Amino acid sequence: LSLVGLLLAGIKQYVIFTSACAVVAYAVLKPGRISIRHALFGLVAILSFFVIYDTYIDLFVTHSFPESRFPQWMAFVERPYLYFTGSWPAMDRLVMDRVIEEPVFGYITLQPIWKILGDGLRLMEPVGRFLPEVEIGPQGYNVFSFFGEIYWDFGIIGVAAISFLVGWFASSLSLKAVTGGAWGFVL
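Anyway, here's the lowdown on the structure attached to this text. Residue numbers here run from 1 along each chain, matching the order of that chain's written sequence. Only residues with pLDDT of 70 or above have their local features reported here, since the model is predicted, and side-chain atom pairs are shown and tallied only from 80 upward, although totals for entire chains, interfaces and linings are computed over all residues. Processing note: side-chain calculations cover all non-hydrogen atoms of the structure and skip hydrogens and water entirely.

### As for the overall build of the chain
Secondary structure is summarised from DSSP: a helix means a run of H or I of at least four residues, a strand means a run of E of at least two, and numbering begins at the N terminus for each. Broken down by element type, the chain carries eight helices and two strands. For the chain, the sequential pattern of α-helices and β-strands runs α-α-α-α-α-α-β-β-α-α. Note on definitions: a residue-residue contact is assigned when non-hydrogen atoms from the two residues lie within 4.5 Å. Looking at the chain alone, contacts between residues at least 24 apart form 52% of all its contacts between residues at least 6 apart. The Shrake-Rupley method, run with a 1.4 Å probe sphere, supplies the accessible areas, and residue values consider only the shown protein chains as cover. Surface summary for the chain: the accessible area is close to 13,300 Å², and the carbon and sulfur share equals 70%.

What follows is the structure in structure tokens.
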């Protein structure tokens, strides 16, 4: 059901995450059942999903980029390619030259909190929605990976601290799953 909802909402990245988590859960429940053939099939299915979504659903987005060096016969995979690889040059641009300063501390990372305090409870001046986009060549790009938004707000110290906290939390859940034996912790 979550996959259907994500497909209908058009949240492509979370469709991939949900699919990967489903495969991992299946591999844990049925060890030895996932092979290289299955992984290649999954890769082709993901690429096909992106191409179909880009061609038939994402109609109001630029599909051809000026001065593109992509071979014309492979133009149908240019946007999926940029989607999967664009976070590296975007993060590079972000690290090399700060594009703009955010108006509120933790502007992007803590945006849900600012939205509740500003728009919901009116305890502060509402903060406009903003996605940090940088130019990577063909277009502005707003996907920086897990570290991008954190780096934008808190710099390298924030990336180290939040990565440590996420790693600690995931490790503690993993230890509880191994030692506790509860199926909820395993999932």
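### Side note on the environment of Tyr81
For Tyr81, the location among the structural elements is in helix H4 (residues 78–85). A residue is classified by how much of its surface remains accessible, and Tyr81, at 45% relative accessible area, is partly exposed. Put simply, Tyr81 and Leu47 are 34 residues apart on the chain and 9.2 Å apart in space, counted from C-alpha to C-alpha. Setting aside chain neighbours within four positions, we find Tyr81 in contact with Phe70 and Gly86. Burial status follows relative accessibility: with a 1.4 Å probe on protein chains alone, a residue under 20% of its type maximum counts as buried, one over 50% as exposed, and anything between as partly exposed.

### Section: the pattern of salt bridges
Any Lys or Arg side-chain nitrogen located within 4 Å of an Asp or Glu carboxyl oxygen qualifies as a salt bridge. Using the criterion set out here, one finds one salt bridge in the structure. Between Asp119 and Lys115 there is a salt bridge, and its shortest N-O distance comes to 2.8 Å. In this pair, Asp119 and Lys115 both sit in helix H6 (residues 111–120), four residues apart, roughly one turn of the helix.

### A word on the nonpolar core
By convention a nonpolar core is built from buried Ala, Val, Leu, Ile, Met, Phe, Trp, Tyr and Cys residues, the set being connected through side-chain atoms within 4.5 Å. Within the largest apolar cluster, 14 residues are counted, with the highest numbers of intra-cluster contacts made by Leu94, Val104, Tyr107, Val127, Val134, Tyr151 and Trp152. Of all elements in the fold, only helix H5 (87–96) and helix H7 (146–180) reach the threshold of two or more residues within this core. Counting residues per element, this core draws most heavily on H7, at four residues. Those residues in contact with Tyr151 that lie beyond four places of it in its chain are Met91, Leu94, Val95, Ile156 and Val159. Listed in part, the six residues of the second largest apolar core include Leu6, Val15, Phe49 and Tyr53.

### Points about the packing of helix H3 (residues 36–57) against H4
Running from N to C, H3 and H4 point in directions that differ by 120°, and their axes come no closer than 9 Å. Judged on the interaxial angle alone, H4 and H3 are oblique. As H3 packs across H4, the resulting crossing turns out to be right-handed. Mapping the contact onto sequence places Ile46, Leu47, Phe50, Val51 and Asp54 in H3 and Arg79, Pro80, Tyr83 and Phe84 in H4. To get an axis, fit a line to the C-alpha atoms, keeping to the stretch in contact for a helix; angles then go from 0 to 180 degrees between the N-to-C directions. Roughly parallel here means an angle under 35 degrees, roughly antiparallel means over 145, roughly perpendicular means 65 to 115, and every remaining angle is called oblique. Whether a crossing is left-handed or right-handed is set by the direction in which the near helix is turned from the far one by less than a right angle, anticlockwise for left-handed and clockwise for right-handed.

### Description of the layout of surface pockets
Lining residues are those with an atom within 4 Å of a point, where the points come from a 1 Å grid over the protein atoms alone and group into cavities, where a 1.4 Å probe fits but cannot get out, or pockets, open sets with protein on both sides within 12 Å along at least five of seven lines. Grid points are joined across faces, edges and corners, and a volume is the space filled by probe spheres set on the points. If you add up the space inside the second largest pocket, you get close to 370 Å³. Lining of the second largest pocket is provided by 15 residues; of these, Ser19, Val23, Gly42, Ala45 and Ile46 occupy positions nearest its centre. Contributing elements (two or more residues each) for the lining of the second largest pocket: helix H1 (2–9), helix H2 (12–29) and H3. It is H3 that contributes the most residues to the lining of the second largest pocket, seven residues altogether.

### Let's talk about unusual backbone geometry
Its identity is not glycine, yet Arg122 carries a phi of approximately 60°, on the positive side. The residue Arg122 is located in the loop between H6 and strand E1 (134–135) in this model.

Spatial relationships are all this shows, so hold off on functional conclusions.
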